[in-house]
Amino acid sequence: MKVSGFWIGIVLMLAAGFVLAGVADNQFLFFAGYVILQGLIMAVAWNVLGGFTGYVNFGSAGFFAIGAYTAIALHQFAELPLLVLIVIAGIVCGLIGLGTGYLTLRLRGVYFAIATLAMAIVFESLITNWDYVGGSAGAYVITPAEVPFFDSFIEMMFILMLVLSLICVAVSRYLSMSRMGRGLASIRDDETAAECMGVPTLRLKLISTTVMGVMMGVAGAPFPFFVTYINPLSAFDLLIAVNAIAMPMIGGTAVWFGPVIGALLLGTIQQIVTVTISSELNILIVGAVLIAFVALAPRGIVGLFQDFARKRREGGK
Amino acid sequence: MDASLFLNAIAAGILLGGFYAAVALGLSIVFGQLDIVNIAHPAFIVAGSYLVFALNGGFGLDPVIAGILLMPIFFAVGVLVYRVYYAAFERTGRESLAGLAFFFGLMFVIEVLFIIFYGVDYRLVEADYIGKQIEIGLVGIPWRMLVPFCAALVMTGAIYLFLSRTFLGRAILAVSQDRLALQLMGADPVKIKQIAFGIGIATAALAGALLIMIGPVEPTIGRLYIGRIFAIIVLGGMGSIPGTLVAALIIGLSESIVTTYIGPSWAPTVAFGFLLITLAVRPQGLFGRL
Amino acid sequence: MDANGRLLDVQGLTKRFGGFVALNNVSMHLDPRERLGLIGPNGSGKTTMINCISGALFNEEGSVVFRGEEITGLPAFKRAELGISRSFQIPRPFRTMSILENMLVPMEYAAWGRVDHATHEDRAMEILALVGFQDRARENSGNLTQVDLRKLELARALAAQPDVLVSDESMAGLSSSEVDEVLEILFKLNERGVAVIMIEHIMRAVMRYCERIYVLDAGQLIAEGTPEEIQGNPDVERAYLGE
């Protein structure tokens, strides 16, 4: 029953997206929706490693930007269809995730965190120096004025992002609820004990970093086409990096729907808030909320609800 | 090869390396000895730069003096941060994931506060000697590099003597290695760690002063130092003070050579290369124990 | 089983940490269903020995053979799959999981190829009944008492469906009646066909439980025999009391 409920939900979400695309005229809705869904994919991706396995990736913005720039480079090279660009960007970022993981995951978890953080900075200087994709000046992408089946290009981008995020959510849910999910959780709880209980820890961690990388690359690949102009500063945006961690932390990292809740909530608030106040204040608020949640509500909103439900149940006895 | 170019690159690299030692020193204690992954350390350094900038602009204080004056305040802030960290994470054994996220959030809050107050423009400090240089043969040594180099060496030496010669210093070294022995000595590990963390943050005040002497500073410049600092600490062998100094000199020299012969925008990749190679080949670092 | 009918055969094992020799040319074996004791003063190399058997550490010299198969270079998770299971001296539960979920990790990994997947929960419950946890399966493992943690540790090791269980100081710090409780569990699982290597400082427990005992001192094997032989051995006495 539970399984079919999830898939009904997925179909409903998709249908709602298409209905919205059919009726809504306000283009801002699609812009805002795209940004929220982009954050959602990043949050789900981060959580596959950070939440399920307990390994922190600080280089989210790096993976995102590599995805975006892979798409740009391929677009310059040959005008491939967007879907092909997304697939290739996913593969490239997955391989980078695998490589970083392979070099650092045999050591303590913190080395992986540091390596990803440093990696994002290095890729920023690499891309700043790479003239083929515009260097520090950035690159423009000309998007078609008309697209088949959709009223506008942005509408198509929104639906594309919706489909991608539903796929990512489904993958993340599958990972957490399968046998592998229990293996990942055992690594998070106690890696030494997990290994002795027959869990192939290194292999599971590498799968997890690869999936994380693929998802982040997929989130980043359509970005240049969405904004039509990209430079290293906008691709390696501070807000992307902090959101990818804050959203799962605020929603709750232990379950697959935690980052979804966090991303929808934080993303929507941010879309409302950036219209009215500055983006700096926005980052400040996200940072402060992140600190408050990790210190006071380590299991996020999901955890708060679980505690609340338990208290009521016990109170009602 | 142009001898003057080469010699100047070497001299600049050594001076830069000394400065890097000051930048990495605090985290070398905090990460290497206490095992606390304070990735907000560079943000504290930038905070030091901005406060030195304020003191320098407001009262005309020499940046080094201003940095030293700020150290006690930074020490107190460090103690406070450690108390929060201890209460929320270390005591409950959740330090790995949540603790990292805590410092990550802290880094953003500090950076953005300075963006809000000072904007994203670059800031500079004034002093008589900044802008002048000494000529020794073919080599020109600018004062704005020499003063930070000397200040960094003095601070590194002082920390080394403190850790190896005083009771408190040895207790700090013991805290990471043998908690039990420490408790038998009658020292409270939490108090010791709190002091050590405070010292680590205090070094950020002076490092911040040196940072803004070497070049102009903007609020997120600290990020450029995260990779360098961790590369230095890992290369130096996690918490070894002489190791930190040697590793800082190696990275400073390599960056200077890369800057001179390849281009300044490639310099940040040097540290990352060292970090990855060290992790892959010799994770215990040059001076380290596993 | 190998040609001699041995379940586990360790030959000439040497383990160094830098210049320090933790184990020097140690050989020992374990028969199927045997209850074996491994004792020695602190720092004598007992834990290093079981780390080399379970795959947490790798020995440079010597070989470890399990059921006739060389396993010296195999990682820990492979050895768990083959049927070598261990408990930890300081219990290491999966803290965010319930007691039952803790049991399912070894079932779904170590025992995955050997046990019918549909029976996992039933088997887990059966083992939990053995340690008296049948009514507490849904409880969170993060809040258990010390003795309950030891029991969970053994139950979880057993859930891997091992042929050998290495029990690393499962009784340290427990009260006399709690020691008896844990011993009872160890007897029961031995009756189910599991060979046990017991590392323990509580001599009363070792002497009562084990059929045969090895004594290590400073990385050397200094004695082997039945509990009676070991108790009367002057070398053993010297190792424990000093000259």
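Source: prediction; values computed, not measured.

Colleague: Run through the pattern of salt bridges, naming residues and quoting values.
Modeller: Tallied over the entire structure, the rule returns 25 salt bridges over all chains. Among the charged side chains, a salt-bridge network with shared partners connects Arg-299, Asp-307 and Arg-310 of chain A.

Colleague: So what's going on with the packing of aromatic side chains? Residues and values would help.
Modeller: This structure, assessed with the given rule, holds 30 aromatic pairs over all chains. With a centroid separation of 4.9 Å and an interplanar angle of 40 degrees, the aromatic rings of Tyr-50 of chain B and Tyr-118 of chain B are classed as tilted. Here the residue Tyr-50 of chain B occupies a position in helix α2 (residues 41–59), and Tyr-118 of chain B occupies one in helix α4 (residues 95–118), the gap between them amounting to 68 residues. Of the residues examined, Tyr-50 of chain B reaches a relative accessible area of 0% and is grouped as buried. Of the aromatic side chains, those joined through ring pairs into one cluster are Tyr-82, Tyr-85, Tyr-86, Phe-89, Phe-102, Phe-103 and Phe-197 of chain B. A cation sits over an aromatic face here: Arg-179 of chain A above Tyr-109 of chain C, 4.8 Å from the ring centre. Seen from the ring of Tyr-225 of chain B, Arg-228 of chain B lies directly overhead, with NZ or CZ sitting 4.9 Å from the centre.

Colleague: Describe the pairing of strand β10 (residues 220–225) of chain C, and please don't skip the residues or the numbers.
Modeller: Residues and elements named next belong to chain C. One ladder, built from 5 bridges, connects strand β9 (residues 212–217) with β10; its direction is antiparallel. Looking at the pairing, Tyr-214 lines up with Glu-224 of β10. Here β9 folds back onto β10 in antiparallel fashion, the turn holding 2 residues, of which Ala-218 has a positive phi close to 50 degrees.

Colleague: Describe the confidence of the model for chain A, listing the residues and the values that go with them.
Modeller: Across chain A, the average pLDDT comes to 86, with 97% of residues at or above 70. Of all the helices and strands in chain A, helix α1 (residues 2–23) of chain A carries the lowest mean pLDDT, 79, while helix α9 (residues 201–220) of chain A carries the highest, 94.

Colleague: Provide a residue-level description of the arrangement of the chains, including the pertinent values.
Modeller: The structure contains 2 pairs of chains in contact, of which chains A and B account for the largest number of contacts. Where chain B comes nearest to chain C, the C-alpha atoms are still 10 Å apart, and the two do not contact one another.

Colleague: Hey, could you go over the interface of chain A and chain B for me, with residue numbers and the actual values?
Modeller: Contacts between chain A and chain B engage 38 residues on the former and 40 residues on the latter. Carbon and sulfur atoms make up 85% of the area that chain A and chain B hide from each other, which totals about 3,400 Å². Where chain A meets chain B, there are 0 salt bridges. Here chain A and chain B share 0 residue pairs in polar contact (both at pLDDT 80 or more) between them. At the level of elements, α2 (27–50), α4 (82–104), α5 (109–128), α12 (238–251) and α14 (279–296) of chain A are the ones that each hand at least two residues to the side of chain A that touches chain B. Ranked by residues supplied to the side of chain A that touches chain B, first place goes to α5 of chain A with 12 residues.

Cut-offs applied
All residue numbers refer to positions counted from 1 along the written sequence of the respective chain. Chain letters start at A and ligand numbers start at 1, both assigned in the order the entries are written. Only residues with pLDDT of at least 70 get local features here, since the model is predicted, and only at 80 or more are side-chain atom pairs given and counted; chain-wide, interface and lining totals rely on the full set of residues. Only hydrogens and water are set aside; all other atoms, that is, all heavy atoms of the structure, feed into the side-chain values. Salt bridge, as applied in this entry: a Lys or Arg side-chain nitrogen positioned within 4 Å of an Asp or Glu carboxyl oxygen. Two aromatic rings from Phe, Tyr or Trp, using only the six-membered ring of Trp, form a pair when their centres are within 6.5 Å; if the ring planes differ by under 30 degrees the pair is stacked, by over 60 it is edge-to-face, and anything between is tilted. Strands are runs of DSSP state E lasting at least 2 residues, helices are runs of H or I lasting at least 4, and numbering of each runs from the N terminus. Burial here depends on accessible area, computed with a 1.4 Å probe over protein chains only, as a share of the maximum for the residue type. Under 20% is buried, over 50% is exposed, and the range in between is partly exposed. Working rule: Lys NZ or Arg CZ, within 6 Å of ring centre, within 35 degrees of ring normal, means a charge sits over the ring. Note on pairing: two strands pair once DSSP finds at least 2 bridges between them. A residue's pLDDT is simply how confident the predictor is in it, with values from 0 to 100. Here a residue-residue contact requires only that any non-hydrogen atoms of the pair lie within 4.5 Å. Throughout, the accessible surface (probe 1.4 Å) given up by two parts as they are put together, summed over both, is called the buried area. Polar contact is defined as a pair of N or O atoms within 3.5 Å, subject to the rule that within protein one atom must be able to donate a hydrogen and the other to accept it, and that residues adjacent in sequence are counted only when both atoms are side-chain atoms.

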